[in-house]
Amino acid sequence: MKEFKSFYKTVEGNEGQKCHYSTRLDTYGCGCFHDCKYCYAKSLLGFRDLWHPDDPSVADISKIEKKIKTLEKGTVLRLGGMTDCFQPCEVKHKVTYKTIQFLNKYGIHYLIVTKSNLIASDEYMKILDKNLAHIQITVTSTDDKTALTYEQATISSERIKAIEKLSANGFDVAIRVSPFIPEYIDFDILNKVKCKKVIVEFLRVNGFIKRTFDLDYSQYTHKEGGYYHLPLETKKKLISKIKGFEQISVCEDCTEAYNYWKTHVNYNPSDCCNLSFNSEKENYIGNLKLLNNHKMGFLSSQKSHPNTISKITEWLETVDEDICIVSGFQSKNESKLLDLSLKNNKKIIMVLSREIYDKCPTKFEKAVNSGQMLIISPFDNMLKVTNRDNAKIRNQFVLDTSDEIVVGDLSVGGMLDGILNGKAFKLLGEKL
Ligand code: SF4
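Residues numbered from 1 in each chain as written. Predicted model: local features only at pLDDT ≥ 70, side-chain atom pairs only at ≥ 80, totals over all residues.

Considerations on the overall build of the protein
Scanning the protein from N- to C-terminus turns up 17 helices and 19 strands. The C-alpha radius of gyration computed for the protein amounts to 23 Å, which stays within 12% of the reference 22 Å derived for 432 residues, consistent with globular compactness. Taken over the C-alpha atoms alone, the protein extends approximately 65 × 50 × 40 Å along its principal axes. When each of the 432 residues of the protein is scored for burial, the buried share is 43%. Of all intrachain contacts in the protein linking residues separated by at least 6 positions in sequence, the fraction that spans at least 24 positions is 71%. (Helix = DSSP H or I, 4+ residues; strand = E, 2+ residues; numbered from the N terminus. Rg over C-alpha atoms; globule rule 2.2 N^0.38 Å. Buried ≥ 20, exposed ≤ 12 C-beta atoms within 10 Å, placed from the backbone. Contact = placed C-beta atoms within 7 Å.)

This is the structure in structure tokens:
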């Protein structure tokens, strides 16, 4: 048995920019018993003879625990990004089982994506923490026999039973239709699945996929990111056939479609994975009515140009007294703007990249008590600390909440540049 050493990874690039949960922990690597013909990891590793479906490498649980110990409480890790963490060898090695126990111990959230019904067995349901576990069970075809022609995981009907069992027991679970191949989905069966949430990810086509599925690809005419995709209008028609779920979300690579789903379809515009975080307490402190004012979002990259602050000061003087400035107020320019806004009695909405404070920080008490300020958090859970992923969700929330966007300085190719893609905004400072 080989050790899987690179079990922890943060995905960068286009996928990392659009995916909120880009940090992955894989308990098994370099092989997966499910042996899906379309497997992305297999396509990358197979031709170098690094993919062994019958003999996956196994991560060392003591190293996993060491890594988990270093993570900030409230982090969300994706389990099963490279291979399925509930593939059959889990029954023997139990690395996923023990990993879940450590994640529970250290208060780390986990998003499990699997094609196995093992997760819904009583043994695993006993250890899944309802406050930390978020589960997506993938279904690629509603027909058992069709699915078995290209993947060797639990049959679809048993996966659906697992989804329904987890849902009935109060877990945060979604049916993940990925890749969504319309020819393989019976919408009557899909729409009857007893689960609140559905997540859809359309098939993206390249030469490898064409050799895998015997389909008519003539409609895949939109080229982006090295793949062919269905045009947005076709995707919209297909999505309209999915009914009966309380919450729908589309996981998307193409920029125009990504923005469309986010604005018009996705249940949570700030999170296409649509994870649920439980909390009893309110997620704001201060004057909630400020949300009804005209809102100007202000964002600025971490790097700043020395001349920009004077431009921000000049701009602030032009901001009308009824306008609310919305920001995380974290980068150097944002933080300077917060000081100026407090001093000049401007209306402020501060968006946190962690859960709401237990108590209003002393320095904001005056502004909060006078109705000048609202502090709000898009996180409903126990996220005590901020990290890059949470900061991205926070900035996305600023964009989604605001009527206009103003940018201080912008680092080209940085996180802010990524989420501003396709958005109209006014740049006060410099592109760095
Ligand atoms: S379950 Fe996932 S990792 Fe395993 S073979 Fe299928 S696509 Fe690849």
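A few points about the sheet that holds strand 15 (residues 324-327)
Pairing is mixed in the open sheet, where 7 strands are placed in the order 13-17-16-15-14-18-19. This sheet does not close on itself; its edge strands, each paired only once, are strand 13 (284-286) and strand 19 (426-427). Examined bridge by bridge, strand 18 (residues 404-407) and strand 19 share 2 bridges and lie parallel to one another. Each bridged residue has a counterpart across the sheet, and for V407 the counterpart in strand 19 is L427. (Pairing = 2+ DSSP bridges.)

Quick look at helix 16 (residues 388-401)
With 14 residues, helix 16 ought to run about 20 Å at 1.5 Å a step, and its terminal C-alpha atoms sit 20 Å apart, in line with that. Those residues of helix 16 not exposed but buried are D389, N390, K392, I393, R394, N395, F397 and V398. (Expected span 1.5 Å × (residues − 1).)

As for the nonpolar core
Residues Y110, L111, I112, I135, I163, V173 and I175 are the most contacted members of the largest nonpolar core, which totals 67 residues. Those elements that place two or more of their residues in this core are strand 5 (76-79), helix 5 (95-106), strand 6 (109-114), strand 7 (133-138), helix 8 (156-168), strand 8 (172-180), strand 9 (197-202) and helix 12 (255-264). Examining the composition of this core, we find that 5 residues originate from one element, strand 8, more than from any other. I135 has contacts with I112, I119, L166, F171, D172 and V173, leaving out every residue within four places of it along the chain. (Core = buried A, V, L, I, M, F, W, Y, C linked by C-beta atoms within 7 Å.)

Quick word on the pairing of strand 16 (residues 347-351)
Counting buried positions along strand 16 gives 5 out of 5 residues, so the element sits mostly inside the fold. In strand 16, alternate side chains face the same way, and those of K347, I349 and V351 on one face and I348 and M350 on the other are all buried. In this sheet, strand 16 lies alongside strand 15 in parallel orientation, the contact comprising 4 bridges. Bridge pairing links C324 to K347 in strand 16. The β-α-β motif built from strand 15, the intervening helix 14 (residues 332-343) and the parallel element strand 16 has right-handed crossover chirality. As paired elements, strand 16 and strand 17 (residues 373-376) share 4 bridges and run parallel to each other. Directly across from I348, in strand 17, lies its bridge partner M373. Traced from strand 16 through helix 15 (residues 362-369) to strand 17, the parallel crossover comes out right-handed. (Right-handed = clockwise from strand over helix to strand, strands pointing away.)

A look at the domain arrangement of the protein
How big an interface is tends to be expressed through the accessible area that disappears when the partners come together. Taken domain by domain, the protein holds domain 1 (8-264) and domain 2 (284-427). Centre-to-centre, using C-alpha coordinates, domain 1 lies 34 Å away from domain 2. Contacts between the two partners involve 13 residues from domain 1 and, on the opposite side, 12 residues from domain 2. Looking at the side of domain 1 that touches domain 2 residue by residue, the classes come out as 2 nonpolar, 9 polar and 2 charged. (Domains from an automatic or database assignment. Nonpolar A, V, L, I, M, F, W, Y, C, P; charged D, E, K, R; others polar.)

What to know about the environment of D389
Tracing the backbone shows D389 in helix 16. A residue is classified by how many C-beta atoms lie within 10 Å of it, and D389, with 20 of them, is buried. In sequence terms D389 and G207 are 182 residues apart; their C-alpha atoms lie 32 Å from each other.

So, the sheet that holds strand 1 (residues 8-10)
If you trace the 8 strands from one edge of the open sheet to the other, you get 1-2-5-6-7-8-9-12, paired in mixed fashion. Since the sheet does not close on itself, it has two edges, and those belong to strand 1 and strand 12 (247-250), each with one partner. If you compare each strand with its neighbour and ignore which way they point, the axes differ by 25 degrees on average. Here strand 5 runs beside strand 6; their pairing, made up of 4 bridges, is parallel. Bridge pairing in strand 6 links L79 to I112. (Axes fitted to C-alpha atoms, helices over the stretch in contact; angles between N-to-C directions.)

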